[in-house]
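Architecture at a glance
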Amino acid sequence: DEDDDDDDDDDTPTTLELWYRRAQTMVERDLQSLSEAAAVDGQIDATSLDDDMAEMLQLYLDHQETWQEVCLVLEKKDQQQQQQTESSSALVLNRPMALKLTENLGQLVLLGAYRMDTDKKKIDKRRPSLEKFMKAFGPECAVYIGGPDDQDQPAELIHGIADLPG
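These numbers come from a predicted model, not from an experiment.

Quick notes on the rules
Residues numbered from 1 in each chain as written. Predicted model: local features only at pLDDT ≥ 70, side-chain atom pairs only at ≥ 80, totals over all residues. Heavy atoms only, no water. Axes fitted to C-alpha atoms, helices over the stretch in contact; angles between N-to-C directions. Helix = DSSP H or I, 4+ residues; strand = E, 2+ residues; numbered from the N terminus. Parallel < 35°, antiparallel > 145°, perpendicular 65-115°, else oblique. Contact = heavy atoms within 4.5 Å. Nonpolar A, V, L, I, M, F, W, Y, C, P; charged D, E, K, R; others polar. Phe/Tyr/Trp six-rings, centres within 6.5 Å; stacked < 30°, edge-to-face > 60°. Buried < 20%, exposed > 50% of the residue type's maximum accessible area, 1.4 Å probe, protein only. Lys NZ or Arg CZ within 6 Å of the ring centre and 35° of its normal. Salt bridge = Lys/Arg side-chain N within 4 Å of Asp/Glu carboxyl O. Expected span 1.5 Å × (residues − 1). Polar contact = N/O pair within 3.5 Å; in protein donor to acceptor, adjacent residues only side chain to side chain. Patch = residues over 30% accessible without salt bridge, like charges linked within 9 Å, V, L, I, M, F, W, Y side chains within 5 Å. Areas by Shrake-Rupley, 256 points an atom, 1.4 Å probe, with all protein chains shown as cover.

What to know about the packing of helix α2 (residues 15–36) against helix α3 (residues 51–64)
Their axes nearest at 10 Å, the elements α2 and α3 cross at an angle of 100 degrees. One way to sum up the angle between α2 and α3 is to call them roughly perpendicular. Here Val27, Asp30, Leu31, Ser33 and Leu34 of α2 lie close against α3, whose contacting residues are Met53, Met56, Leu57 and Tyr60. Residues belonging to the contact of α2 with α3 are distributed by class as follows: seven nonpolar, one polar and one charged.

Encoded structure:
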């Protein structure tokens, strides 16, 4: 039977997919528990956490700064070299700043840091483009921040909208 030879159509999750789902569920559950442990002001007293939750908080804080970094690998050590104390080298190009636009962040991305004109005519002229920009990208986008150069300039936009000019 030809169907017996074709395993590509099998919708059964692989072991890796099952482990990923379980790990994701565990992380979501533990982060929810951590958020519930926060005081009204959002602060978490690490001394009040059990050992597992304290470890999860530490892991979260340690990885918060490197989450979804985009890196350029400069040097990759082979497996024999990695067993020694040496490691590979990479340069961080950028990292996430936000996953959603607020109006202020939208202005910064679209217009740059020097958008604070006092001329009402200039402000009114830019309002429609900002409103369109927020409608298109505001609810769901990833804003990454790069190096120190030109941070005051409007951002470079990478999108998948084929018929959008620019």
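Now that the structure has been shown, the text picks up again.
Here's the deal with the packing of aromatic side chains
Within the structure shown, the criterion is met by one aromatic pair. When the centroid spacing of 5.3 Å and the interplanar angle of 50 degrees are considered together, the rings of Phe133 and Phe137 count as tilted. Taken together, the positions of Phe133 and Phe137, both in helix α6 (residues 120–137) and four residues apart, correspond to about one turn of that helix. The two residues Phe133 and Phe137 agree in class, both being buried. When the ring centre of Trp19 is taken as origin, the NZ or CZ atom of Arg22, which lies over that ring, is 5.9 Å away.

Side note on the environment of Val109
Positionally, Val109 belongs in helix α5 (residues 103–111). Residue Val109 is classed as buried on the basis of its relative accessible area of 9%. In contact with Val109, other than residues within four places in its own chain, are Leu101, Phe133, Val143, Pro154, Ala155 and Leu157.

Details of the pattern of salt bridges
Scanning all chains against the criterion turns up one salt bridge. Between Asp30 and Arg29 there is a salt bridge, and its shortest N-O distance comes to 3.5 Å. Judged by its relative accessible area of 11%, Asp30 falls in the buried class.

Quick look at α3
In this model, α3 (14 residues) spans 20 Å end to end at C-alpha, consistent with the 20 Å of a helix rising 1.5 Å per residue. Packed against the buried residues of α3 are α2. Two to three positions downstream of the cap, the backbone nitrogen of Asp52 sits 3.1 Å from a side-chain oxygen, assigning the N-cap of α3 to Asp50.

Points about a nonpolar patch on the surface
Residues Val70, Leu72, Leu74, Leu91, Leu93 and Tyr144 make up a contiguous nonpolar surface patch of about 520 Å² in total accessible area. When residues of the nonpolar patch are traced back to their parent elements, those giving at least two are β1 (70–75) and β2 (89–98). The element contributing the most residues to the nonpolar patch is β1, with three residues. By the secondary structure assignment, Tyr144 is in strand β3 (residues 143–145). Given the relative accessible area of 33%, Tyr144 is considered partly exposed.

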